[in-house]
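# Structural overview
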Amino acid sequence: LADRGSMDASALYQTGDEKSTTQYLVLGDLDNPALLEASFTVDPYVQLFSPYRKDFLDRLRQKDDGDTTNRIDSQGAEDKESFTALQQFARGQTAQLAYCGSRNDAVALDAYQKASVEGFANETWQAELHHRLGLAWDAAGQREKAKAELLKSLSIRPNSPEFLNNLGTVQKALGEEKQARASFEKAVTLRPNYAIARYNLAQLLEPTDRKRAITEYETFIALVDGIPEEEERALLAKQRVKELNR
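What follows deals with the nonpolar core. Membership of the largest hydrophobic core comes to 45 residues, with the highest contact counts inside it found for Phe89, Tyr112, Phe120, Leu129, Tyr217, Phe220 and Ala237. Beyond its immediate chain neighbours, meaning those up to four positions away, Phe120 contacts Glu81, Ala85, Leu86, Phe89, Trp125, Gln126 and Leu129.

In structure tokens, the structure reads:
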């Protein structure tokens, strides 16, 4: 820029597709905008490219003149988190969700453990890290460790349907069917259109409550109607309803 205008008068625009995000940081008013930064990245790494991180702002702003009275804090809570923790968390997500090639559970587990060592200050990030680490331990066959992490995530965010559903899956695998049912039921109570939790609850209920299992399967089928990714599971649900109605 010809003159280092105020970094506090900026706008961040984002666009992208299913797995990637392009960001544009623009200064100035609508009649005279100036592009300061552009970045392209796969979604898990977006936060590392935030133009509002202090690491970046300090390089772009004029040297501090000592007057901070009217300085606006441009950073959000996420921008203030440890860069290393965010980096390892992003590495874990990329491996766990197969953003770059095939899924790699070993890399995900390693990355989330390293992020956990660094730690997050924000409770939302803490909860999600415990959640993701729980899923990684579950994929590694360490279900007690998985349950412990998922319980930690729920101690921070007790009303997260995703956390509850994944805890229920682990509890079911551990033979804790009563606890699993409670987790699935709370998940669908909090989010009635949570299809996969309905399916998981239906499977669990089959031996003890056939009528309720049928209802849950039918609800799941209605919720996923027309969703290509759920066609196979919907077919299985229809078969189970047919069997249970005999």
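Moving on from the coordinates now.
Although it is not a glycine, Ala98 sits at a positive phi angle of roughly 55°. Mapped onto the elements, Ala98 comes out in the loop between α2 (83-96) and α3 (105-118).

With that out of the way, let us pick up the side chain of Arg198. Summarising the element assignment, Arg198 is placed in helix α8 (residues 195-205). Relative accessible area serves as the criterion here: at 14%, Arg198 is assigned to the buried category. Of the polar contacts made by the side chain of Arg198, one reaches the backbone oxygen of Pro192; its length is 3.1 Å. Here Arg198 is in contact with Val188, Pro192, Glu216, Thr219, Phe220 and Leu223, once residues within four sequence places are set aside.

Moving on to helix α5 (residues 143-156). Compared with an ideal rise of 1.5 Å per residue, which puts 14 residues at 20 Å, α5 spans 20 Å between its outermost C-alpha atoms and is within 8% of the ideal. For α5, every residue scored as buried is listed here: Ala146, Lys147, Glu149, Leu150, Ser153 and Leu154. The arc enclosing the buried residues of α5, seen along the axis, measures out at 165°, which places them on a common side. When the buried face of α5 is taken as reference, the exposed residues oriented beyond 90 degrees from it are Glu144 and Ser155. If you follow the buried residues of α5, they end up packed against α4 (123-139) and α6 (161-173).

A grouping of Tyr13, Tyr24, Leu30 and Leu35 is seen on the molecular surface, where their side chains present a nonpolar patch of about 460 Å² in accessible area. You can see Leu35 is positioned in strand β3 (residues 34-42).

With that settled, consider the packing of helix α9 (residues 210-223) against helix α10 (residues 231-244). Packing of α9 against α10 leaves a shortest axis separation of 9 Å and a crossing angle of 150°. In terms of orientation, α9 lies roughly antiparallel with respect to α10. The crossing of α9 and α10 is left-handed. Across the interface between the two elements, Arg210, Ala213, Ile214, Tyr217, Glu218, Phe220 and Ile221 from α9 touch Arg233, Ala234, Ala237, Lys238, Arg240, Val241 and Leu244 from α10. The class makeup of the residues in the contact of α9 with α10 is nine nonpolar, no polar and five charged.

Cut-offs and rules
- Residues numbered from 1 in each chain as written.
- Predicted model: local features only at pLDDT ≥ 70, side-chain atom pairs only at ≥ 80, totals over all residues.
- Heavy atoms only, no water.
- Core = buried A, V, L, I, M, F, W, Y, C linked by side-chain atoms within 4.5 Å.
- Buried < 20%, exposed > 50% of the residue type's maximum accessible area, 1.4 Å probe, protein only.
- Contact = heavy atoms within 4.5 Å.
- Helix = DSSP H or I, 4+ residues; strand = E, 2+ residues; numbered from the N terminus.
- Polar contact = N/O pair within 3.5 Å; in protein donor to acceptor, adjacent residues only side chain to side chain.
- Expected span 1.5 Å × (residues − 1).
- Arc of directions from axis to C-beta.
- Patch = residues over 30% accessible without salt bridge, like charges linked within 9 Å, V, L, I, M, F, W, Y side chains within 5 Å.
- Areas by Shrake-Rupley, 256 points an atom, 1.4 Å probe, with all protein chains shown as cover.
- Salt bridge = Lys/Arg side-chain N within 4 Å of Asp/Glu carboxyl O.
- Axes fitted to C-alpha atoms, helices over the stretch in contact; angles between N-to-C directions.
- Parallel < 35°, antiparallel > 145°, perpendicular 65-115°, else oblique.
- Left-handed = near helix turned anticlockwise from the far one by under 90°.
- Nonpolar A, V, L, I, M, F, W, Y, C, P; charged D, E, K, R; others polar.

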